[in-house]
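Here's the letter readout for the chains.
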Amino acid sequence: MMKGYDKQEALEFILARIHAKDHPELADNLADLISQTIDADMAYMHEHHVIDEEGGAGTEYYEDDEAFEYMVEKLAEQNKLDPVKAVKLASLVDDYMDYQQEYLESKGLVDWDDA
């Protein structure tokens, strides 16, 4: 997990902003799916050296498109979703990424490098 990151607080922050009406096919599982998405996001960051073993800044940059694909594939497989629901899941992950970024920025956990 990322240093300074509170998963429960992030989950509540994100769930307060995601509207079930925008994801009706997944509405019954929103909390579980977002929790799994956070876990998949953290796994991506560890595996791709965006964060190190201690949860600090790693040696690589976060690649949005790559992370998005990683999370969708991981959750679709984990939840045994058919292709139609996997597309719906992709929309949810897209929303998650926006709100996760908002959460990280609100906590001062991201640093934008202009390089």
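Just so it is clear, the model here is predicted, and its values are computed rather than measured.

**Structural notes on the pattern of salt bridges**
Argument step 1. Inspection of the entire model under this criterion finds 5 salt bridges.
Argument step 2. Between glutamate 102 and arginine 17 there is a salt bridge whose closest N-O contact spans 3.7 Å. You can see glutamate 102 sitting in helix α4 (residues 83-106) and its partner arginine 17 sitting in the loop between α1 (7-15) and α2 (30-47), a full 85 residues away along the chain.
Argument step 3. For glutamate 25, the salt bridge is made with lysine 88, and the minimal N-O distance between the two is 3.6 Å. Of this pair, glutamate 25 sits in the loop between α1 and α2 while lysine 88 sits in helix α4, and the two are 63 residues apart along the sequence.
Argument step 4. Given the relative accessible area of 32%, lysine 88 is considered partly exposed.

**Quick word on the nonpolar core**
Argument step 1. Counting residues in each nonpolar core, the largest one holds 34 residues, and the members touching the most others are Tyr5, Ile14, Ile34, Ile38, Met71, Leu89 and Leu92.
Argument step 2. Contributions of two or more residues to this core are made by α1, α2, α3 (64-78) and α4.
Argument step 3. Among the elements that make up this core, the one with the highest residue count is α4 (10 residues).
Argument step 4. Setting aside residues up to four positions removed in sequence, leucine 89 forms contacts with Leu26, Leu33, Val72, Leu75, Ala76 and Leu81.

**So, the side chain of glutamine 100**
Argument step 1. The residue glutamine 100 is located in helix α4 in this model.
Argument step 2. We classify glutamine 100 as buried; its relative accessible area is 2%.
Argument step 3. Ignoring sequence-local partners within four residues, the contact set of glutamine 100 consists of Tyr5, Ala10, Ile14, Asp41 and Met42.

**Observations concerning the packing of aromatic side chains**
Argument step 1. Using the criterion set out here, one finds 4 aromatic pairs in the structure.
Argument step 2. Feature note: the residues Tyr5, Phe13 and Tyr103 constitute an aromatic cluster, connected by ring pairs.
Argument step 3. For arginine 17, the ring lying beneath its charged end belongs to phenylalanine 13, and the centroid distance is 3.5 Å.

**Considering the confidence of the model for the chain**
Argument step 1. With 96% of its residues at a pLDDT of 70 or more, the chain shows a mean pLDDT of 90.
Argument step 2. Least confident of the elements in the chain is α4, whose mean pLDDT is 93; most confident is α1, at 96.

**Digging into the side chain of serine 35**
Argument step 1. By the element assignment, serine 35 lies in helix α2.
Argument step 2. Leave out the neighbours within four places in its chain, and serine 35 touches Lys7 and Leu11.

Reading guide: rules and limits
- Residues numbered from 1 in each chain as written.
- Predicted model: local features only at pLDDT ≥ 70, side-chain atom pairs only at ≥ 80, totals over all residues.
- Heavy atoms only, no water.
- Salt bridge = Lys/Arg side-chain N within 4 Å of Asp/Glu carboxyl O.
- Helix = DSSP H or I, 4+ residues; strand = E, 2+ residues; numbered from the N terminus.
- Buried < 20%, exposed > 50% of the residue type's maximum accessible area, 1.4 Å probe, protein only.
- Core = buried A, V, L, I, M, F, W, Y, C linked by side-chain atoms within 4.5 Å.
- Contact = heavy atoms within 4.5 Å.
- Phe/Tyr/Trp six-rings, centres within 6.5 Å; stacked < 30°, edge-to-face > 60°.
- Lys NZ or Arg CZ within 6 Å of the ring centre and 35° of its normal.
- pLDDT = per-residue confidence, 0-100.

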